[in-house]
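Listed below, chain by chain, are the residues.
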Amino acid sequence: MTPVSDRPLPPGELGLPWIGETISFLRDRTFAKQHHERWGPVFKTSLFGQPTVFLKGAESNRWAFGQENKTLVSQWPKSVELLLGPASLSNQVGDAHKQRRRLMAKAFGARVLAGYLDKMDAIARQYCDRWEQLGEFAWYPELRDYTLDTACKFLVNLDRGSENSLGQWFERWCEGLFSIPINLPWTAFGKAWQARQQILVEIDRLITDRQQMTEAAAAEIGDALSLLLTAQDEEGNRLPPAELQDQILVLLFAGHETLTSSLTSFALLVAQHPAVLDRLRAEQAAFEFDRPLTMADLDSMTYLDWTLREVLRLIPPVGGGFRRTIAPTEYGGYQIPAGWSVLYQINRTHEDPSLYDQPQQFDPDRWNPDRTDSQNQLFGYIPFGGGPRECLGKEFARLELRLLAARLIQRYDWQLLPDQDLSLRLVPTPRPRDGLRVRFQRR
Ligand code: HEM
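Calculation notes
- Residues numbered from 1 in each chain as written.
- Predicted model: local features only at pLDDT ≥ 70, side-chain atom pairs only at ≥ 80, totals over all residues.
- Heavy atoms only, no water.
- Helix = DSSP H or I, 4+ residues; strand = E, 2+ residues; numbered from the N terminus.
- Rg over C-alpha atoms; globule rule 2.2 N^0.38 Å.
- Buried < 20%, exposed > 50% of the residue type's maximum accessible area, 1.4 Å probe, protein only.
- Contact = heavy atoms within 4.5 Å.
- Lys, Arg positive; Asp, Glu negative; His and termini not counted.
- Charge placed at Lys NZ, Arg CZ, Asp CG, Glu CD.
- Near = heavy atom within 4 Å.
- Polar contact = N/O pair within 3.5 Å; in protein donor to acceptor, adjacent residues only side chain to side chain.
- Nonpolar A, V, L, I, M, F, W, Y, C, P; charged D, E, K, R; others polar.
- Pairing = 2+ DSSP bridges.
- Axes fitted to C-alpha atoms, helices over the stretch in contact; angles between N-to-C directions.
- Donors = N, O, S within 2.8 Å, 3.2 Å for Na, K, Ca; no water.
- Core = buried A, V, L, I, M, F, W, Y, C linked by side-chain atoms within 4.5 Å.

### Examining the overall build of the protein
Looking only at helices and strands, one finds 18 helices and 12 strands in the protein. Relative to the 2.2 N^0.38 estimate, which gives 22 Å for 443 residues, the radius of gyration of the protein is 22 Å and therefore close to what a compact globule would have. Dimensions of the protein, computed from C-alpha atoms along their principal axes, come out at roughly 65 × 55 × 45 Å. Looking at the protein as a whole, 53% of its 443 residues qualify as buried. Sequence-distant contacts in the protein: of pairs separated by 6 or more residues, those separated by 24 or more amount to 70%. Taken as two groups, the 51 positive and 56 negative side-chain charges of the protein have centres that lie 2 Å from each other.

### Let's talk about the site of the ligand
Around the ligand there are 26 residues in total, and His97, Arg101, Arg323, Tyr344 and Cys391 lie nearest to it. Within the contact set of the ligand, an oxygen atom lies 2.8 Å away from a side-chain nitrogen or oxygen of Arg323. Within the side chain of Tyr344, a nitrogen or oxygen atom sits 2.5 Å from an oxygen atom of the ligand. At the level of secondary structure, the elements contributing two or more residues to the shell around the ligand comprise α5 (94-105), α12 (241-254), α13 (257-272) and α18 (394-411). In terms of residue class, the shell around the ligand is built from 16 nonpolar, seven polar and three charged.

### Brief notes about the sheet that holds strand β2 (residues 50-55)
Here five strands make up an open sheet; going across it, the order is β1-β2-β8-β5-β3 and the pairing mixed. Looking at the sheet topology across the chains shown, the edges are occupied by β1 (42-47) and β3 (72-74). Going across the sheet, the axis of each strand differs from the next one's by a mean of 35 degrees, ignoring polarity. Bridge count for β3 against strand β5 (residues 320-325) is three bridges, and the pairing is antiparallel. Bridging across to β5, Ser74 finds its partner in Arg323. Where helix α2 (residues 31-39) meets the sheet, it contacts β1, β2 and β8 (341-345), and its direction lies at approximately 135 degrees from that of β1. Where helix α3 (residues 58-66) meets the sheet, its contacts fall on β2, β3 and β8, and the angle it forms with β8 comes to roughly 130 degrees.

### With respect to the coordination of the iron atom of the ligand
Protein coordination of the iron atom of the ligand rests on one atom only, Cys391 (SG), at 2.3 Å. Secondary-structure assignment places Cys391 in the loop between α17 (346-350) and α18.

### Examining the environment of Gln415
Structurally, Gln415 can be placed in strand β9 (residues 412-416). Measuring from C-alpha to C-alpha, the distance between Gln415 and Trp340 comes to 47 Å, with 75 residues separating the pair along the chain. Looking at Gln415, its side chain comes within polar contact range of the side chain of Gln441, at 3.4 Å.

### Comments concerning the sheet that holds strand β12 (residues 437-442)
Judged by pairing direction, the sheet is antiparallel, and its three strands sit side by side in the order β4-β12-β9 without closing on themselves. Of all strands in the sheet, those bounded by a partner on one side alone are β4 (136-138) and β9. The sheet shows a mean angle of 35 degrees between the axes of neighbouring strands, direction not considered. Summarising the sheet, β9 and β12 pair through five bridges and their orientation is antiparallel. From the neighbouring strand, Gln415 faces β12, where its bridge partner is Arg439. Running at roughly 105 degrees to β12, helix α6 (residues 110-134) makes contact with β4, β9 and β12 of the sheet.

### Observations concerning unusual backbone geometry
Peptide bonds are mostly trans, and most non-glycine residues show a negative phi. The linkage connecting Val427 with the following residue, Pro428, adopts the cis geometry, with an omega of 0 degrees. Residue placement: Pro428 occurs in the loop between β10 (424-425) and β11 (431-432). Unusually for a residue other than glycine, Trp18 sits at a positive phi of about 55 degrees. Tracing the backbone through its elements, the reader meets Trp18 in the segment before α1 (22-27).

### Let's talk about the environment of Tyr146
Structurally, Tyr146 is set in helix α7 (residues 139-156). Placed 18 residues apart in sequence, Tyr146 and Cys128 show a C-alpha to C-alpha distance of 9.9 Å.

### Structural notes on the nonpolar core
Ranked by size, the top nonpolar core spans 110 residues in total, and within it Trp131, Trp139, Trp173, Phe266 and Trp414 carry the most contacts. It is α18 that contributes the most residues to this core, 10 residues altogether. Once residues lying within four places of it in the same chain are set aside, the contact partners of Trp139 are Trp131, Ala267, Leu408, Trp414, Gly435, Leu436, Val438 and Phe440. Listed in part, the 14 residues of the second largest apolar core include Val42, Val53, Ile336 and Val342.

Rendered as structure tokens:
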């Protein structure tokens, strides 16, 4: 039996019964910051009906990643869990998670990604043309269409996914992702739940179409859908249909929402920092818009890499990750009882002045390995999480970010339109409130 800890519980308040401090957590962007100021690096609160411990600092990330499947397992708030579906990778734990992750990782191998580069580039160019014709527009919704098209082509071989009703349903689904899970027609959760049903209908249609192909033709496509459809466990069993749907849904969601946020932040920060833009332009002068880019080309774009790293540091698309204790545990001198939630925080880590000099400044050069103040960021730079649940799509994301950013810098110029609200909405992923309205033209 695990001995009962004699350590105190973390400081903090659990708030009102069930609702706890959920409303302030969802509405007040300074919630965590203020609570840390008051209670220190580890505090307790209650969110979505669960006592929850917030952790801050690189050391706490190291601890949380190392505890996966020992005293901690993944558990997202109820609304996220229900909307992603019980069988999605994000909700699987232990051996089931390990086994599925191994299988799904094959869809993101280096060779698969290199083989997708030209298709991804073709979609990027089509959108660049479209934006040039539009001239003035809100970029966030456009980037959402772009990332959804790219994810749909890569994951389920669907062209122009954003023109399919999927795009619309995902938008509504995302609005309810972090919400109080009351399923009524007028609540954010209820609407998102309806959207989930519609998304599943679309996914089911894609699965049925694929099943009607010969196995050889399906294997030829070689996307995540074929991989999951033909996968078998040690006993020769195929994935149950409900799991197949949930896995495709989680990939389509994770594959576009976070990238939309990152690309929007890139466009915003570069527009606000002309000196960074000049350096990016100088680097891109070695490449031509009309010539295909290779993986080696992308790997040689060092300053672009630093810039994108810095974008993901300053405005991380995912704020943190939720876990649940499966056994009583201790961290930072406090006990955490079994069944509590634990949140490791990406955004608080990235703004830690003990890790980053002037953390609020956008400074791509901080990633220059020759800079004397650059530190070992092993657990201090975690936009993609870490440990056994580190982002599965990290390399796909890095590829898409570098590719579109490079094409934009090579040929285009954009300015932020006046009179717009550039402050960020943070949930479910950060984006400027007015959708980043820009004027966009060829240079
Ligand atoms: C800039 C873009 C992205 C960021 C910042 C990001 C961030 C993250 C983070 C922080 C996690 C870990 C969550 C946790 O600790 O529980 C995660 C997990 C995951 N990501 Fe990403 N992600 C990005 C893009 C993508 C893409 C493009 C895909 C797929 C096409 C993807 C698929 C996943 C999946 C399936 C998981 C769950 C992994 C697991 O539980 O084993 N992500 N991502």
